[in-house]
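# Inside the fold
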Amino acid sequence: MFGSGVTLFRIFGFEIRLDPSFLLIAVLVGASLASGHFPAVHEGLPASTYWILGIFAVLGIFASIVLHELGHSLVARRFGMEMRGITLHMFGGAAELEDEPTSAGAELAVAAAGPATSFALAGLLKLAAMAAAGLSSTELPIEMLLRYLAGLNLVLAIFNLLPAFPLDGGRILRAVLWARGGDHDRATRLASRIGAGLGFGLAGLGVLQILGGRLGDGLWTVLIGFFIRSAALASGLDLAARRLLGDATVARFMTPDPVTVPVALSLAEFVEEVVYRTRHDTYPVTDGAGRPRGLVAVGSLSTVAREAWPSTSVMEVAEPIESGGTVAPDLPAKQALDLMRRSGRSRLLVVDGDGRLAGLLTLKDLLDTLTLRMRIEGEEM
Ligand SMILES: [Zn+2]
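Since the model is a prediction, treat every value here as computed from it, not as a measurement. (Residues numbered from 1 in each chain as written. Predicted model: local features only at pLDDT ≥ 70, side-chain atom pairs only at ≥ 80, totals over all residues. Heavy atoms only, no water.)

Moving on, we get to a nonpolar patch on the surface. A grouping of Ile52, Ile55, Phe56 and Leu59 is seen on the molecular surface, where their side chains present a nonpolar patch of about 410 Å² in accessible area. Structurally, Phe56 can be placed in helix H2 (residues 47-78). Phe56 sits in the partly exposed class, given a relative accessible area of 49%. (Patch = residues over 30% accessible without salt bridge, like charges linked within 9 Å, V, L, I, M, F, W, Y side chains within 5 Å. Areas by Shrake-Rupley, 256 points an atom, 1.4 Å probe, with all protein chains shown as cover. Salt bridge = Lys/Arg side-chain N within 4 Å of Asp/Glu carboxyl O. Helix = DSSP H or I, 4+ residues; strand = E, 2+ residues; numbered from the N terminus. Buried < 20%, exposed > 50% of the residue type's maximum accessible area, 1.4 Å probe, protein only.)

Here is the structure:
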């Protein structure tokens, strides 16, 4: 859901990324702390002090989320799982696992590590606030900040322990069900159903808050409820897709020998001789040896003035092939699906061992086949 974002830095080899939605929420939270919460807790300080506290609070929130996700990531690494990195977004953070945990024990340890880190941080910050209180007879501004961050970490730990997959609590629940029943898929299905239900319940609670006059809190609860619900449903779907794809390879789902266009073809010829005749929306561009060089989308034609079509080649408007943008025909289709999701691409070029184009794999082809198979097998998600 929040796969992209700007990379900020690396820590212990994990990439820390920021989704723009995090910045939006950070500004809102910082401003509401500086203008509402802090002045209410401790009156009479200069406005600039409240704003400085607001900025430090936002930095503290950022660090708290990163540390929570690092807790997951470091334990995952101990169990030999590859991590893609950590993305911060408006609802908190996500440590992205490259592989699914291989045992219930590993799942439990990885899931519990985040809330455990947050509980520990809450305790440390609480102790620091008490130490600050001992320094002076009147309350120091830093004490207020430390107490706020201690509370935040406590909320972070407890919220994440809700048994709603894919939240940590839902993962713990799945690990327990998995350990008891031994069936990973059934445990996931149950945990994501509970997650979807809980998300729905939370959204309902938000509606009650709104009706009770607490518009801001209520809207936020509704949003979080729907976020949990859609994340839970997506996890369930993802699992169903993985099971249905099984060990099938890319070759099974690709369109073999797609219509290609040569690099030097002009846009005018492309439209007249290729697009109107074959009516696809994307075409691989190949060189003389049949090696793919790019992917040209019919939609990109609108970026070039019609008068320039005879003198512009398709390669000039094509998206060039980057390394990693192609897959081999014998790659498991599951991995191709992961690659699409990670890169945000809905089309992958399939290239054989000689570097020649063998086919085109589209997300639509994959999903259509899956939908069909679900219908035939009466599969439920
Ligand atoms: Zn977590």
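Turning to the layout of surface pockets, a few remarks are in order. Size it by volume and the second largest pocket reaches roughly 900 Å³. If you trace the second largest pocket, you find 28 residues lining it, with Leu152, Val155, Phe159, Trp220 and Ile224 closest to the centre. For the lining of the second largest pocket, the secondary-structure elements that each account for two or more residues are helix H1 (20-41), H2, helix H4 (141-160), helix H6 (184-211) and helix H7 (215-245). When residues in the lining of the second largest pocket are grouped by element, the largest group, seven residues, is from H7. Among the residues making up the lining of the second largest pocket, the classes are represented as 20 nonpolar, six polar and two charged. (1 Å grid on protein atoms, 1.4 Å probe; cavity = no way out; pocket = protein on both sides within 12 Å on 5 of 7 lines; lining within 4 Å. Points joined across faces, edges and corners; volume = space filled by probe spheres on them. Nonpolar A, V, L, I, M, F, W, Y, C, P; charged D, E, K, R; others polar.)

The two faces of a sheet get side chains in turn, since along a regular strand they alternate between them. Across five bridges, strand E1 (residues 6-11) lies against strand E2 (residues 14-18) in antiparallel orientation. For Ile11, the partnering residue across the bridge sits in E2 and is Phe14. In textbook terms, the turn of a hairpin is the stretch between consecutive antiparallel strands, and for E1 and E2 this stretch comprises two residues, one of which, Phe12, has a positive phi near 50°. (Pairing = 2+ DSSP bridges.)

Our focus in this paragraph is the pattern of salt bridges. Under the definition given, this model contains nine salt bridges. Between Glu143 and Arg147 there is a salt bridge, with the nearest N and O atoms lying 3.8 Å from each other. On the criterion of helical spacing, the pair formed by Glu143 and Arg147 is a turn pair, its members being four residues apart in helix H4. Ionic pairing is found between Arg347 and Asp281, a salt bridge with its closest N-O pair at 3.0 Å. Remark: Asp281 occurs in the loop between helix H9 (267-278) and strand E7 (282-286) and Arg347 occurs in strand E11 (residues 347-351); sequence separation between them is 66 residues. Here Asp281 falls in the partly exposed class, since its relative accessible area comes to 47%. Connected via shared salt-bridge partners are Arg10, Glu15 and Arg17.

We now examine the packing of aromatic side chains. Per the stated rule, a full pass over the model turns up four aromatic pairs. Geometrically, the ring pair formed by Phe9 and Phe62 is edge-to-face, given 6.4 Å between the ring centres and 65° between the ring planes. With a gap of 53 residues between them, Phe9 in strand E1 and Phe62 in helix H2 connect regions that are remote in the sequence. The class for Phe9 is partly exposed, based on a relative accessible area of 36%. Take Phe62: its relative accessible area is 17%, and that puts it in the buried class. (Phe/Tyr/Trp six-rings, centres within 6.5 Å; stacked < 30°, edge-to-face > 60°.)

Attention now moves to the pairing of strand E12 (residues 357-362). Burial runs high along E12: six of the six residues are buried. Bridging between strand E5 (residues 255-256) and E12 involves two bridges; their strand directions are antiparallel. Residue pairing across strands places Thr255 opposite Leu360, the latter belonging to E12. Summarising the sheet, E11 and E12 pair through five bridges and their orientation is antiparallel. Each residue of the ladder has a partner; that of Leu348, found in E12, is Leu361. The turn joining E11 and E12, which pair antiparallel and follow one another in sequence, is formed by five residues; a positive phi near 85° is taken by Gly355.

Interfaces are often sized by the amount of accessible area the parts lose when they come together. With domains assigned, the chain is organised as domain 1 (6-245) and domain 2 (250-377). Carbon and sulfur atoms supply 65% of the area buried between domain 1 and domain 2, which totals about 970 Å² over both sides. By the criterion of area lost to domain 2, the three top residues of domain 1 are Arg242, Leu244 and Leu245, representing 67% of everything that side buries. Where domain 1 meets domain 2, there are zero salt bridges. Across the domain 1-domain 2 interface, the total number found is zero residue pairs in polar contact (both at pLDDT 80 or more). Ranked by the residues each element gives to the side of domain 1 that touches domain 2, the list is headed by H7, at six residues. Per-class residue counts for the side of domain 1 that touches domain 2 are four nonpolar, no polar and four charged. (Domains from an automatic or database assignment. Buried area = accessible area lost by both parts, 1.4 Å probe. Polar contact = N/O pair within 3.5 Å; in protein donor to acceptor, adjacent residues only side chain to side chain.)

A word on the coordination of the zinc ion. The zinc ion binds to the protein through His68 (NE2), His72 (NE2), Asp168 (OD) and Asp168 (OD); the donor distances cover 2.0 to 2.6 Å. Coordination at the zinc ion comes from four donor atoms whose angles at the metal span 55 to 152°, giving a geometry best classed as irregular. Coordination of the zinc ion draws on donor residues from a single chain, spaced H-x3-H-x95-D in sequence. Note that His68 and His72 are positioned in helix H2 at a spacing of four residues, about one turn of the helix. (Donors = N, O, S within 2.8 Å, 3.2 Å for Na, K, Ca; no water. Tetrahedral: all angles 85-135°; square planar, octahedral: opposite > 155°, others 65-115°.)

With that settled, consider the nonpolar core. Formed by 34 residues in total, the largest nonpolar core has its most connected members in Phe22, Phe38, Phe62, Leu88, Tyr148 and Leu149. For this core, the elements supplying multiple residues, two or more each, are E2, H1, H2, strand E3 (83-89), helix H3 (104-135) and H4. When residues in this core are grouped by element, the largest group, 10 residues, is from H2. Once residues lying within four places of it in the same chain are set aside, the contact partners of Leu88 are Ile16, Arg17, Leu18, Asp19, Phe22, Phe62, Ile65, Val66 and Gly93. Listed in part, the 21 residues of the second largest apolar core include Ala248, Leu337, Val350 and Ala358. (Core = buried A, V, L, I, M, F, W, Y, C linked by side-chain atoms within 4.5 Å. Contact = heavy atoms within 4.5 Å.)

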